[in-house]
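Remarks on the overall topology
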Amino acid sequence: MTNRLRIALIQSNQRVGDLAGNAAAMLEWRARATAEGAELVMFPELQLTGYPPEDLMLKPEFVRQAIDWATRLADATADGGPALLFGAIVAEHGINYNAMLLAEGGKVIGRTLKHELPNYGTFDEKRVFGHGPLPEPLEFRGVRIGVPICEDIWQEKVCAHLARQGAALLLVPNGSPYEIDKDELRQRLVRERVVETGLPLAYLNRVGGQDELVFDGSSFVTNDDGTIALQAVDFDEVMLLTDWADTPNGWRCEAGPKEELSPFPEDMYRAMIVALRDYVGANGFPGVILGLSGGIDSALSAAVAVDALGADRVWCVMMPSRFTSPDSLEDAAECARLLGVRHDIVPIGSGVDAMDKMLPGINGLAAENIQSRLRMVTLMALSNAHGHMLLTTGNKSEMSVGYATLYGDMAGGYSVLKDAYKTTCFTLSRWRNAHRPIGALGPDGPVMPQRVITKPPTAELREDQKDEDSLPPYALLDRILEALVDRELSVRETVAATGADPAVVADIERKLLRAEYKRRQAPPGVKLTSRNFGRDRRYPITNAFHTH
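Residues numbered from 1 in each chain as written. Predicted model: local features only at pLDDT ≥ 70, side-chain atom pairs only at ≥ 80, totals over all residues. Heavy atoms only, no water.

Counted at 1.5 Å a residue, the expected span for helix α1 (residues 19-35) with its 17 residues is 24 Å, and the 25 Å between its end C-alpha atoms agrees. In the core, the buried residues of α1 are packed alongside β1 (4-11), β2 (40-42), α2 (60-76), β3 (83-92) and β14 (238-247). (Helix = DSSP H or I, 4+ residues; strand = E, 2+ residues; numbered from the N terminus. Expected span 1.5 Å × (residues − 1). Contact = heavy atoms within 4.5 Å.)

Attention shifts here to the UniProt feature "binding site: L-glutamine" (unreviewed entry) in the chain. What UniProt calls "binding site: L-glutamine" (unreviewed entry) maps, in this numbering, to Tyr120, Ser176 and Lys182. Within the secondary structure layout, tyrosine 120 lies in the loop between β5 (107-113) and β6 (138-140). Taking the relative accessible area as the measure of exposure, tyrosine 120 reaches 42% and is therefore partly exposed. Tracing the chain through its elements places lysine 182 in helix α4 (residues 182-197). (UniProt positions renumbered as here; feature names shortened; annotations may be inferred. Buried < 20%, exposed > 50% of the residue type's maximum accessible area, 1.4 Å probe, protein only.)

One open sheet holds the five strands; their spatial order is β18-β17-β16-β19-β20, and the pairing between them is parallel. Of all strands in the sheet, those with a lone pairing partner are β18 (342-345) and β20 (414-415), marking the two edges. In the sheet, strand β16 (residues 288-291) pairs with strand β19 (residues 389-392) via two bridges, with the strands oriented parallel. For isoleucine 289, the partnering residue across the bridge sits in β19 and is leucine 390. (Pairing = 2+ DSSP bridges.)

Two side chains with opposite charge may pair up if their charged atoms get near one another. With the rule as written, the count across this model stands at 43 salt bridges. As a salt-bridge pair, glutamate 45 and lysine 114 come within 2.7 Å of each other at their nearest N and O atoms. Of this pair, glutamate 45 sits in the loop between β2 and α2 while lysine 114 sits in the loop between β5 and β6, placing them 69 residues apart in sequence. For lysine 114, a relative accessible area of 1% corresponds to the buried category. When the shortest N-O distance is used, the salt bridge between arginine 451 and aspartate 327 registers 3.2 Å. Of this pair, arginine 451 sits in helix α12 (residues 450-454) while aspartate 327 sits in helix α7 (residues 326-339); the two residues are 124 residues apart in sequence, bridging distant segments of the chain. Overall, the relative accessible area of 30% leaves arginine 451 in the partly exposed class. In this structure, a network of salt bridges that share partners links the residues Asp327, Glu330, Asp331, Arg451 and Lys455. (Salt bridge = Lys/Arg side-chain N within 4 Å of Asp/Glu carboxyl O.)

Counting 50 residues, the largest nonpolar core has Met272, Leu276 and Tyr414 as its most contacted members. In terms of nonpolar packing, the next biggest core, distinct from the first, is built from 37 residues, Ile10, Leu48, Phe86 and Val128 among them. (Core = buried A, V, L, I, M, F, W, Y, C linked by side-chain atoms within 4.5 Å.)

Before going further, it helps to spend a moment on the layout of surface pockets. Considering only enclosed or pocket space, the second largest pocket measures out at about 400 Å³ in volume. Asn13, Gln14, Arg15, Gly209 and Ala282 are, among the 23 residues lining the second largest pocket, the residues nearest its centre. Among the elements of the structure, α1, β10 (207-210) and α5 (266-282) are those that each provide at least two residues to the lining of the second largest pocket. Of the residues assigned to the lining of the second largest pocket, the class counts are seven nonpolar, nine polar and seven charged. (1 Å grid on protein atoms, 1.4 Å probe; cavity = no way out; pocket = protein on both sides within 12 Å on 5 of 7 lines; lining within 4 Å. Points joined across faces, edges and corners; volume = space filled by probe spheres on them. Nonpolar A, V, L, I, M, F, W, Y, C, P; charged D, E, K, R; others polar.)

Below is the structure:
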C-alpha cells in the first residue's frame, strides 16, 4: 500500500447534455494533471452529463450515450497515466443512478452510487434517479477511499458507514449551487462530518452557470483536526493539487494555498456575471439588448452584462414617452457612456398615439401598461432582427408583488435581478461603483451616475409617478417579503418579526399570491438567495389559502 498520494481536484465548468464536450474537457484537465504528477484526477458530481440533467434522464438514448462516453473515458486511462474519478450515470435493471466511477488501466475498477437523493428547493433527484445502497470505500493503490456524493454528507449516515468500513479519507464530489452565505454552511457541515468520522475530507464543487443555477466552486480540504488545508478560489475553474500522506495519526492533506472567498456583495455580483455569461454563451446569442430607462435596475443590469460579456456585446435602448423626465434621459446616456455601450434612443410617443386611436377611451393602469408593452415590442423587434437576447431588468421586490407588466417589462430571455430585492440592488450598485469585480470585462470606476442610486424609483408611466405611491418604502417592503417569501412566515409572524402594520403585511401577502400567474410567465433568472422564484418556490396559481 502506498503511503502518499497526489490527487488533482478539478473545479471545472460543464454543459448539460454536451457529453462529447464535457468528456474532451475532462481529458484536457487530465493531461494537465499528468504534467503535475497527479496519480488520481477527480471531477465533480455528474461532470460527464452536466448537472442537473433533469428530464434528460428520462430519455433512454441520452442514458445510452452517457454510458458509452463513460466507457470511452475509462478506456483513455489505458495509457498508464493517472486514474480518473468522475461523475457519470449507471443504469441497472431499468433504474438510473447518479454515480462516481473510478477508472484506471483502461477499465472501471470501482464505483459509488449516490445514496441520499435531495428532493427539496432546487433539487428533484428522486424524479429521475434511484437510491443507491450505502456505499463501500473504493480501493486505490491500497488506500480505502470513501466517496460520498454531495447530499450523502448532509446527513451523518453515509459518512459514518464509510468510516466503519475502513475508509481512510473522504473525497466528496458536489453540484452545489451558489446562494448567499453558502460558504459558511458548507464548511460547518464538513467540520461536523470530519469530527464525527475522524477522517479528512476533500469537498470538490463545480463552477459555472446552468439556467437558473450558478455554481461557485469554493472547493476546499479539511483535515481530521478541523483545519482547512487548502481553499480554492470561487467562480473560476482551477486545478487544486492535493498531496496526501499516511501519518501515525492517519491520512492527512498537506497544507497548500488558501484563497480568499468573495464576501457579500461581491459574491452575489460575481454570481450574476457567471450566470449571464454562461447562459448567453451556451445558448449561442451574440450579445444582449436591454431597455435603459435611467433607473437603478436597468443600470445595474447593464453593468452586469458589460462585466459578463464586454461592452461590444451589450446594446442599450432608451425609449422615452411624454412622462420620461430629462433626468432619466441624462442618466441613461451617462450610464451608457460610463459603460462604453451602444446607446440608441427610440421614442414610443408615436406608438402610444396610434394605440390611443386604435383603442379610444383606454386610460388608467391599462394605458400605463400599453407604454410598457410598446417598449417590449420595440426591444423584441430589435432582438429578432439582430439576434441579441433581451435582458429583463425587473427585481425580486417587483416580481413578488406583481409591480411589473406582463408581456411588457417582464418580457425577455433572462434576468440577473430576478432574485435580488430592491434594497439589494442598491447595495450591489453602490458596491460596483466603487469596485471592479475579479474577471470583469467592464471598466474601472463608476458604472452609473450617483443620481441613479439616490433618486426615488419610478416607472414613469404617468405624471410624477413614484414606486412608493403603490408600495411601502422598499426598506420596509423587502423586510416583509423576506419574511413572507424566504422564511414562509404567516402575516401574524411577519408583523411580529418586522413591526409592520398588520394591514400593510396582509395587503403584501395578497399581492404576493395574486402575482403567481405573472411569475410563471417570467423569464428564468439566476438563483441568489435560499428561496428564489422558480426552482425553489413552486406555489399553485389558483390558491384560496391566505394566512391573514
